[in-house]
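Observations on the three-dimensional arrangement
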Amino acid sequence: ARNGIVGDTADDIYLRIEAFANFGFAESHAQSFGLLVYASAWLRLHYPAAFLVGLLRAQPMGFYSPATLVADARRHGVRALRPDILRSGWQPGLEQAAGTGPTGPTGSPACLAHDQPPVGPYDRDAHFDCDDHRRDGALVVRLGLADVKGIGEKVAKAIVAERDRSGDFTDLANLVRRTGLITTQLESLAAAGAFESLGLTMREALWAAGDAAQDREEYLEGSMVTVQPPLFSMPSSIDVLTADLWATGISPTDHPMRYVREALGSRGVLSAADLKIAESGRRVEVGGVVTHRQRPATASGITFMNLEDETGLTNVICSVGVWNRYRRVARDASAMIVRGILERSAEGVTNLLADRLEVLPITQQTVSRDFR
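This section reports on the structure supplied with the text. (Residues numbered from 1 in each chain as written. Predicted model: local features only at pLDDT ≥ 70, side-chain atom pairs only at ≥ 80, totals over all residues. Heavy atoms only, no water.)

**Some thoughts on the sheet that holds strand 1 (residues 80–81)**
Where we set the bar: Strand pairing is assigned whenever DSSP identifies at least 2 bridges connecting the two strands. Per the convention used, a helix needs a DSSP run of H or I reaching at least four residues, while a strand needs a run of E reaching at least two, with both numbered from the N terminus.
Pairing is mixed in the open sheet, where three strands are placed in the order 1-3-2. The strands lining the two open edges of the sheet, one partner per strand, are strand 1 and strand 2 (93–96). By the bridge criterion, four bridges tie strand 2 to strand 3 (residues 139–142) in an arrangement that is antiparallel. Across the sheet, residue E95 finds its bridge partner in strand 3, namely V140.

This is the structure:
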């Protein structure tokens, strides 16, 4: 009005602004989100180890748990290592890979060129190798001490600060005298494999934790009575997996589905990798650990689930009818076998339209992120 815009002209302008507001936010939001997706995809392709560390440091966030993020990164060539009392920071970090591998940038230098060749039509059969593009192939991800059960950020920071101030810990008793850790914390670190750099296997460290926790600063050093450990057998791979999932919720090297794959294969249950070449439109069965369940308000009651196995992730779509029929399994099962119709788009996006859900018993306890 101060600028002389009144009456019908002002009303017309206001109606136009009001009409644009219905989709203007979505448009600007899409542009902003598109930039984030592009930058994230570029980092994930060229610096996947650093990208994984960034995601792990930003937890809790998004759909995917740290275990799923680590498993996906492993399938794309990234090595993750267990927490280590001498090497880990309080958060996950990067370190030089041991051995005779590369020490500098890897992959093709052309990936960093400002001008890139035009992107052609999508070809799902085209050759692709992560190592051709990865620039941080000389680095591995080291999990942090704060992620170990019962440790947390405050204690982990205190451990790292003491190590930086007075040098490496020499044994469990030395660690206790300098940091005040208690038995349960030592046991959690032992189960996570954090004492291997001190020359202790997981079982040896678990055995020694109770005695070491008594050797505190207020007592005369070396005066505690200890019991010589027996000669332990090496833990099996499933023992290590179970300990990893209990201590940190992450297995850097393994997956629970690997131990039921033979039984599932004899039944004809497909893996996530099998779905990439299975015929679209077929009724198939897929098994996996449930990583999350989501029911968006705009989905008319449809529930979306992800199943994860040792080869990848499977998108599962549950109609209202299927969810209600198998409600108990759908809501409570940590792992399941899903039967349904396989759907695949021209771009290779694969979904399973579920028509039956069945509990899949597994030994390890896993946690899904549901309806967040």
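**Looking at the pairing of strand 3**
Across two bridges, the pairing between strand 1 and strand 3 is parallel. Each residue of the ladder has a partner; that of A80, found in strand 3, is V141.

**A look at unusual backbone geometry**
Following Q59, the chain continues into P60 via a peptide bond in cis, with omega recorded as 0°. Among the structural elements, P60 can be located in the loop between helix 2 (48–57) and helix 3 (66–75).

**Examining the packing of helix 2 against helix 3**
Put simply, the test is: Axes here mean lines fitted to C-alpha atoms, for a helix over just the part in contact, with angles spanning 0 to 180 degrees between N-to-C directions. These descriptions rest on fixed angle ranges, namely under 35 degrees for roughly parallel, over 145 for roughly antiparallel, 65 to 115 for roughly perpendicular, and the rest for oblique. When checking whether two residues touch, look at their non-hydrogen atoms; a contact exists if any pair is within 4.5 Å. Under this grouping Gly is polar, as are all residues other than the nonpolar Ala, Val, Leu, Ile, Met, Phe, Trp, Tyr, Cys and Pro and the charged Asp, Glu, Lys and Arg.
For the pair helix 2 and helix 3, the least separation of the axes is 10 Å and the interaxial angle reads 175°. It follows that helix 2 is roughly antiparallel to helix 3 by the angle criterion. Taking contact as the criterion, the partners of L52, L55 and L56 in helix 2 are, on helix 3, P66, L69, V70 and A73. For the contact of helix 2 with helix 3, the per-class residue count stands at seven nonpolar, no polar and no charged.

**Some remarks on the state of the cysteines**
As a reminder, the rule being used: Criterion for a disulfide: a pair of cysteine sulfur atoms within 2.5 Å. Each residue gets one of three labels from its accessible area relative to the maximum for its type: buried under 20%, exposed over 50%, partly exposed in between, using a 1.4 Å probe on protein chains only.
Applying the stated criterion across every chain yields a total of zero disulfides. With no disulfide of its own, C130 has C111 as its nearest cysteine by sulfur position, at a separation of 12 Å. Taking relative accessible area as the criterion, C130 reaches 19% and is therefore assigned buried.

**Some details on the pattern of salt bridges**
Threshold: Take a side-chain nitrogen of Lys or Arg and a carboxyl oxygen of Asp or Glu: if they are within 4 Å of each other, that pair is a salt bridge.
Tallied over the full model, the rule gives 19 salt bridges. The salt bridge partner of K157 is E153, with a shortest N-O separation of 2.8 Å. Of the two residues, K157 and E153 both sit in helix 4 (residues 152–166), four residues apart, roughly one turn of that helix. E285 is paired through a salt bridge with R267; the nearest N and O atoms lie 3.0 Å apart. Of this pair, E285 sits in strand 4 (residues 283–294) while R267 is found in helix 9 (residues 261–267), placing the two residues 18 residues apart along the sequence. Relative accessible area serves as the criterion here: at 13%, E285 is assigned to the buried category.

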